[in-house]
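What follows is each chain in one-letter form.
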Amino acid sequence: MTGPSFPPYASARAVLIGSGTYESRGLTAIPHSARNIRALQGVLTDRTLGGFAAGDVCLVDDPHKPHDVMDPVTAAAEEARDVLLVYYSGHGLLTTAGDLHLSLMASEPGQEWTSLPFSYLAGAVKQSRADVKIVILDACYSGRAHSDLMGAESRLVRDQLSAFKGVYSLTSAPGHRTSKAPPGAVHSTFTGCLLAVAREGVAGGGPVLTLSDLYEQVRRRMWSSDSALPEECGKTGAGALPFLHNRAFSPPPPESAPPPAPARPPAPGRRPAPGTPPVPRAATHPDGPSFTTVQAGGYRIREVNARLAEVVATVADPVLWSQEGPPYFRTESGRKYHGYDVTEVDAYIDGHRRPPTTFADALRLVMLLQRFTFLRDGWRPGLPASVQRSRYGMAEGERLVGRATDGASRAVVFTDTHLCVRNFQDLLRVPYSRLAALSLSVETHEERVVTVTDQAGIAEDVLVYTTTLRFGGGRMEIREGSNHPVLSALRRFLPAMAAVRTRHPECFDGLLP
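Residues numbered from 1 in each chain as written. Predicted model: local features only at pLDDT ≥ 70, side-chain atom pairs only at ≥ 80, totals over all residues. Heavy atoms only, no water.

Comments concerning the overall build of the chain
Rules: Put simply, DSSP H or I for four residues or longer makes a helix, DSSP E for two residues or longer makes a strand, and each gets a number counted from the N terminus. Partly exposed residues are those whose accessible area sits between 20% and 50% of the maximum for their type, while under 20% is buried and over 50% is exposed, using a 1.4 Å probe and protein chains only. Pairs of residues are marked as contacts when any of their non-hydrogen atoms sit within 4.5 Å. Only the protein chains shown count as cover for residues, and the accessible areas themselves come from Shrake-Rupley with a 1.4 Å probe.
A tally of helices and strands in the chain yields 12 helices and 22 strands. A buried classification covers 47% of the 513 residues belonging to the chain. Partitioning the intrachain contacts of the chain with sequence separation of at least 6 by distance along the chain shows that 68% fall at a separation of at least 24. Carbon together with sulfur atoms contributes 53% to the accessible area of the chain, which is approximately 25,800 Å² in total.

So, helix 9 (residues 342-350)
Spelled out, the test is: As used in this structure description, the phrase polar contact means that two N or O atoms lie within 3.5 Å; if the pair is within protein, one of them must be able to donate a hydrogen and the other to accept it, and residues adjacent in sequence are counted only when both atoms belong to side chains.
For helix 9, the complete set of buried residues consists of Glu-344, Val-345, Asp-346 and Ile-349. Measuring from the side-chain oxygen of the N-cap residue of helix 9 to the backbone nitrogen of Thr-343 gives 3.0 Å; that N-cap residue is Asp-341.

Structural notes on the nonpolar core
To keep things clear, this is the line we draw: Definition used in this section: a nonpolar core is a set of buried Ala, Val, Leu, Ile, Met, Phe, Trp, Tyr and Cys residues joined via side-chain atoms within 4.5 Å.
Residues Leu-16, Leu-44, Phe-52, Leu-85, Ile-134 and Phe-243 are the most contacted members of the largest nonpolar core, which totals 37 residues. Every element with two or more residues in this core is listed here: strand 1 (12-18), helix 1 (32-45), strand 3 (83-89), strand 7 (132-138), strand 8 (167-171), helix 6 (189-200), helix 7 (211-223) and strand 11 (242-245). Element by element, the count of residues in this core is highest for helix 6, at 6 residues. Grouped together as the second largest cluster of nonpolar side chains are 36 residues, Ala-362, Ala-411, Phe-471 and Val-486 included.

Observations concerning the environment of Arg-25
Mapped onto the elements of the fold, Arg-25 is located in the loop between strand 1 and helix 1. When its relative accessible area of 88% is taken as the criterion, Arg-25 is described as exposed. Each C-alpha atom of the pair Arg-25 and Pro-109 lies 9.4 Å from the other, and the pair is 84 residues apart in sequence.

Observations regarding helix 1
For clarity, the threshold we go by: For a helix, the expected span equals 1.5 Å multiplied by the residue count minus one. The arc in question is formed by the directions pointing from the helix axis toward the C-beta atoms.
Between the first and last C-alpha of helix 1 there are 20 Å, a value that for 14 residues agrees with the 20 Å anticipated at 1.5 Å per step. The complete set of buried residues in helix 1 reads His-32, Ser-33, Asn-36, Ile-37, Ala-39, Leu-40, Val-43 and Leu-44. Down the axis of helix 1, the buried side of the element spans an arc of 170°, and every buried residue falls inside it. Contacts from the buried residues of helix 1 go to strand 1, strand 2 (57-61), strand 3, strand 7, helix 6 and strand 11.

A short note on the pairing of strand 19 (residues 426-431)
Threshold: Should DSSP find at least two bridges between two strands, the strands are regarded as paired.
Across 6 bridges, the pairing between strand 18 (residues 418-423) and strand 19 is antiparallel. Each bridged residue has a counterpart across the sheet, and for Arg-422 the counterpart in strand 19 is Leu-427. Once strand 18 ends, the chain turns through 2 residues before running back antiparallel as strand 19, passing Phe-424 with a positive phi of about 55°.

Structure representation (structure tokens):
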């Protein structure tokens, strides 16, 4: 992204707010908050780490009323031109309408007018002329701040964000989870991890750490605990801001530059954009295939180089072919790492795969490549075969051979003759020979869902998918949430079966009508 240089920033302001003391008996004290903001101030103003001058950072201890927060935030928002940072540590409160409020010394649970609506703070931040505007919240339910800063996820489009260019938010917990400040600990869990990453750096990383680098490392550290995981929202590119020096960075030793390799044409369908340098390609060995290398993902290069020939031999074997399916290798993670393009490697392997010779092989191949579960000994251990046959309308001699995964495992199953879809008491059975006659249509709409907790009622709009299946004279409707596992399973299975039937029609001869 284009923006301020690093370090130091020419015009930056930070407001660090610690709300840890409360007059109300309904809010427990958080002594971590005062320590959080002072430790963060030390990181930001340490010239070996951050790019803020000492006079650019304002500490707000135990604000009593909303103007104790809004006055310094508004002033900093008006003065900053490069970077504006607002950090808050304290209790997050939810109103009866599900809005996020930040607690103050005089706040009283259940009395919304005694706390600071986060939308006020978000409004001041968004109006700043700073190139990058950062909000970090260490508070319960802080994930709800993302929508105030950038709009609901369903409306996160470029046109709506253009007025608030460069906004980045990092929160200690999702919108429905609480954060932790363990008794006896120096810092709260989230801020403690953030400070540790900042002070220790990231081994193998570059010379500077971006905001998104920090988020990834903090999330990794919190993954092993039972705490809620942090969330980030920086879809305007602000997450790429060089934020801190990386103390763990080790510059590579100088080496002589190798002679330039002859240019190779890009892979089919992968033409680089004008002005973009071509993506490098690498070979598994001097006489082997070459694959495009991709950043922040892809198969691990060393593993592909070591095992590619073994995997290719397995998928080509008439007996062992079904023992290898995607993903064939582990993948890289993190923007500092490169890997082989997964699509290219998978295509190369599948190009050597033994073709199916029977329908059973074709069905198993589809299940393997679409990552469904193949069953050798029935669906559930201990479940009588008669119950299985009754549940899915199976005829005598019909065998259950597989199921979809995750939330669709009970709803979508595969026998040796039929695709079976269940929805409560309804059952739709489609012979594989007639899959082309199955029609699928999808409608989406939003529904308001209210969740009642011991503190407040949380209202939110939920996207609902209604999938309608029609086959012969039968009709079935399936309602699902945003992850829609049944719809996803059908959208993968149906075109995959159609494709294998086009390539190997002989496998489908003799199927039941």
